[in-house]
Each structure stands twice: as C-alpha cells, then as structure tokens.
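Listed below are the residues making up each chain.
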Amino acid sequence: MKNQLQIFLFGGLLAFLLTNCQSGASGNPGTDTQDTTATSTPTDPRLDYTILPGERVGLVDLKQATEADVLQAYGDLAQKDSVYLGEGIFEQGVVLFKNTPENRVYLYWDPFMGTDRPSFVSIYGENRQTDWKTDDGISIGTSMEEVQRLNGKPFDIYGFGWDYGGYVNNWNGGQLEGKGFSIRFEPDADATTSTELFGEVNISSDAPAVRNAKPFISELSLSAPNPDPMAMMQGGWRSTTDEGYEIIIEGDQMRHYNNQRLTYTVSIEADPGCQSEACAVTGTTPNGFCFIEKDEYDAQCNVLITANATTLEYTALGAAGGALVFERVD
C-alpha cells in the first residue's frame, strides 16, 4: 500500500511540473492573442463588393469616376480591355477582376455622354454566383419573385431570346424605379419556358407563364441616374462651326443670336420618346429624346444627341444640313 501511494504522489508531481513547463514555454495566452491581432493583414478595400444603386459599385463612384480614377483605385485588379455594348459592338473600356469570373466587372465611358463618369458598369457573375450585391440583397441569381417583392408591384420585361431579351423595361412606378440600374433576367434551364415568352414581346413579372419559367437575374448594369436633359441644356451656347451664332436657353425660352444680335425667340418643351406630331415630319418616329421649338406659326422637332457640361448637339428634323453642335460659353 505504501509503495502504491508513493507512485501515485510521484505521478501527480510529475504531471504538475510538465504542465507548468508547457505553460511557461507558451508564454501569456492573452499576449499572444493581442500580438496576432495586431499583426493581421487589413482587408483590401478593393474587395468591397457593395452596390449602392445610383451611387457606387465598390470603389467606383457612379457620379464622378473617370477611366483614370478607376485604373488608379484598383491597380493590378483593373485593366483596359474590350467591353460588349450590344448588337455585336465592342469598344474599349475597363475590366475589373478579369481573372475572377464570378466578380468580373465591365465599365464603359461613352464619349458622346462625357467621360467624367462611366456610362454603365455591368456585372454578369458566373454559374449564378457573385459576391456583388445591393444593400437590399439584389444580386446575380436573385429570383424574379424577390425582385417583384422589393419593387412592391409587378413590372414588365422584354421576352427572352434576343439582344434585349429579359431586360426590365418598366418598373410601373414601383420602389425600384429611378434607382439607376438595369436588370436582365433569364429563365431557369430546368424550368418550363413557354414559347410565348420569347421574342420581341412585353410580358409581366406576375404572369403565370413567366413564373413557371423561374427567371433569375443574369445581369446587373449600374449607372448614375440620368440628369434631366432639359436641365442640362440650360445656359449659353456657341456654334462650333459659326462663331457668330449663339443660343441662350433659360427655362422654357430659347433665344437665337447672330453676331450678338437677337434674331428670334421661341418657347421649348420636352418630348421624351419623340411622340409629338412635329416629330413625324419624316414619316418615322425618331428614337431618343426630343424637344420642340414653338413660335406663333410653327413647331420644330429637334432630336437631342448630346447634352452635358461642355457640349450641346441636336438635329433639327426636316431642316437642311446635319447636326448642330455647340460649346458652352457661360
């Protein structure tokens, strides 16, 4: 019995000594934790995948980001490359995360709309996956039912299977209207998609046939909300081909000058979609945004081509000559 007790006491003492030796070798656990935290690598801000519609996509300020700004902000994660514009057309833009397909981003600056901010920022994801998402959870792969819930009412899309197939064309006054983003849907490959949903047709998000197709978001395109074209036209403008010809637009009044002499004044009004009778002079309704010059006897339809901080360009339908181009002078 005495020998067994000695063995037990010796074993306990040995275990105590080993435990203390190991604790001494490892040091203060609290200190180790602090050191590890202090030396950890901070998160790369370029890996912020937050989308705030109308404001920013990651580090890209949708209201004021030039191509140079984006290249500088993203460094080796950005490069100039061709960007698809639709209908088989490619132009130079910038691609982010080219080697990470699910998070790849395409940016394009339209020279006719100004190069101070991107015309669009597009995300396609891969296999219905991406880290990019809006603050309310809209992302690649989000279902049409969820988007309708966020919109607060049904919306309209184009039929599937063509260049503009699946794009939302009318939010019908819902919560997502005017947010500065374009959404494209495609049907689930394993769902039943009726032939009536294909082609240049307009379909509602709550139609039973659409729901059976189980559409999901396949593309997100972001931009800053478009400014009011009439607001952009305000101010003084000088012709780029005739220095003596100037116009001044104030409110709904447009004054024409030749060699600083007022020649005539007209009222102007917006015609989004160019639907007025004055715009039907060629027999075909033009596409885009029009404004009408009106005096006591006549109404002249003008198709707006460019209106930004420096340039105003439009075409007077039915008039001789080409586009009228002006530079801002005020």
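Residues numbered from 1 in each chain as written. Predicted model: local features only at pLDDT ≥ 70, side-chain atom pairs only at ≥ 80, totals over all residues. Heavy atoms only, no water.

1. Observations regarding the overall build of the protein
The helix and strand inventory of the protein stands at six helices and 21 strands. Counting across all 330 residues of the protein, residues that qualify as buried make up 36%. A separation threshold of at least 6 residues defines the contact pool for the protein, and within that pool the share at least 24 residues apart is 46%. Here the protein has roughly 19100 Å² of accessible surface; of this, 50% comes from carbon and sulfur atoms. (Helix = DSSP H or I, 4+ residues; strand = E, 2+ residues; numbered from the N terminus. Buried < 20%, exposed > 50% of the residue type's maximum accessible area, 1.4 Å probe, protein only. Contact = heavy atoms within 4.5 Å. Areas by Shrake-Rupley, 256 points an atom, 1.4 Å probe, with all protein chains shown as cover.)

2. Side note on the sheet that holds strand 4 (residues 78-86)
Picture the strands of a sheet paired through backbone hydrogen bonds; they go either parallel or antiparallel. Strand order in the open sheet made by the six strands is 4-5-6-7-13-11, with antiparallel pairing throughout. The strands lining the two open edges of the sheet, one partner per strand, are strand 4 and strand 11 (181-186). Here the strands of the sheet are splayed against their neighbours by 30° on average, with no regard to which way each runs. (Pairing = 2+ DSSP bridges. Axes fitted to C-alpha atoms, helices over the stretch in contact; angles between N-to-C directions.)

3. As for the state of the cysteines
In this structure the tally under the stated criterion is two disulfides. For Cys274, the disulfide goes to Cys290, at an S-S distance of 2.0 Å. Between Cys274 and Cys290, the S-S dihedral sits near 90°, and the bridge is therefore right-handed. With Cys274 in the loop between strand 17 (261-272) and strand 18 (289-294) and Cys290 in strand 18, this residue pair connects regions lying 16 residues apart in the sequence. (Disulfide = S-S within 2.5 Å.)

4. Remarks on the nonpolar core
Ranked by size, the top nonpolar core spans 41 residues in total, and within it Val70, Leu96, Leu107, Trp132, Ile183 and Phe185 carry the most contacts. Breaking this core down by element, the ones donating at least two residues are helix 3 (67-74), strand 5 (89-96), strand 6 (105-108), strand 7 (120-123), helix 4 (144-151), strand 11, helix 5 (208-212) and strand 13 (216-222). Those residues in contact with Val70 that lie beyond four places of it in its chain are Val60, Ala65, Ala78, Val94, Leu96, Leu107 and Trp109. In terms of nonpolar packing, the next biggest core, distinct from the first, is built from 16 residues, Met230, Leu304, Ala307 and Leu312 among them. (Core = buried A, V, L, I, M, F, W, Y, C linked by side-chain atoms within 4.5 Å.)

5. Observations regarding the confidence of the model for the protein
Per-residue confidence for the protein averages 85 on the pLDDT scale, and 85% of its residues sit at or above 70. Taken together, the stretch residues 1-40 has pLDDT below 50 and engages in one contact with residues farther than four places along the chain or on a different chain. (pLDDT = per-residue confidence, 0-100.)

6. Observations regarding the packing of aromatic side chains
All told, the structure shown has 16 aromatic pairs when counted by the stated rule. Here Tyr106 and Tyr124 contribute two aromatic rings whose centre-to-centre distance is 5.6 Å and whose plane-to-plane angle is 75°, an arrangement assigned as edge-to-face. With Tyr106 in strand 6 and Tyr124 in the loop between strand 7 and strand 8 (133-134), this pair connects stretches of sequence that are 18 residues apart. Ring geometry for Tyr108 versus Phe120: centroids 5.8 Å apart, planes at 35°, classification tilted. Of this pair, Tyr108 sits in strand 6 while Phe120 sits in strand 7, placing them twelve residues apart in sequence. Given the relative accessible area of 18%, Phe120 is considered buried. (Phe/Tyr/Trp six-rings, centres within 6.5 Å; stacked < 30°, edge-to-face > 60°.)

7. Let's talk about the sheet that holds strand 14 (residues 235-239)
Taken together, eight strands build a closed barrel; the order of strands is 14-15-16-17-18-19-20-21 and the barrel is antiparallel. With direction set aside, neighbouring strand axes in the sheet form an average angle of 35°. As paired strands, strand 19 (residues 299-307) and strand 20 (residues 311-316) are joined by five bridges and run antiparallel to one another. Bridging from a neighbouring strand, Val303 pairs with Thr315 of strand 20.

8. Some points on the layout of surface pockets
By volume, the second largest pocket amounts to about 150 Å³. In terms of lining residues, the second largest pocket is bounded by 13 residues, among which Tyr314, Ala316, Ala319, Ala320 and Leu324 are the most central. If you list the elements that add at least two residues to the lining of the second largest pocket, you get strand 19 and strand 20. (1 Å grid on protein atoms, 1.4 Å probe; cavity = no way out; pocket = protein on both sides within 12 Å on 5 of 7 lines; lining within 4 Å. Points joined across faces, edges and corners; volume = space filled by probe spheres on them.)

9. Notes on helix 4
Buried within helix 4 are the following residues: Met144, Val147, Gln148, Leu150 and Asn151. Down the axis of helix 4, the sector holding all buried residues measures 160°, keeping them to one side. With its phi angle positive at about 85°, Gly152 sits one or two positions after the end of helix 4. (Arc of directions from axis to C-beta.)

10. What about the pattern of salt bridges?
Inspection of the entire model under this criterion finds twelve salt bridges. The salt bridge partner of Asp48 is Arg56, with a shortest N-O separation of 3.1 Å. Looking at Asp48, the relative accessible area reads 25%, which means it is partly exposed. Relative accessible area serves as the criterion here: at 26%, Arg56 is assigned to the partly exposed category. Among the salt bridges present, the one from Asp81 reaches Lys98, with a minimum N-O distance of 2.6 Å. Linking Asp81 in strand 4 with Lys98 in the loop between strand 5 and strand 6, this pair joins segments that are 17 residues apart in sequence. Exposure remark for Asp81: the relative accessible area of 21% places this residue in the partly exposed category. (Salt bridge = Lys/Arg side-chain N within 4 Å of Asp/Glu carboxyl O.)

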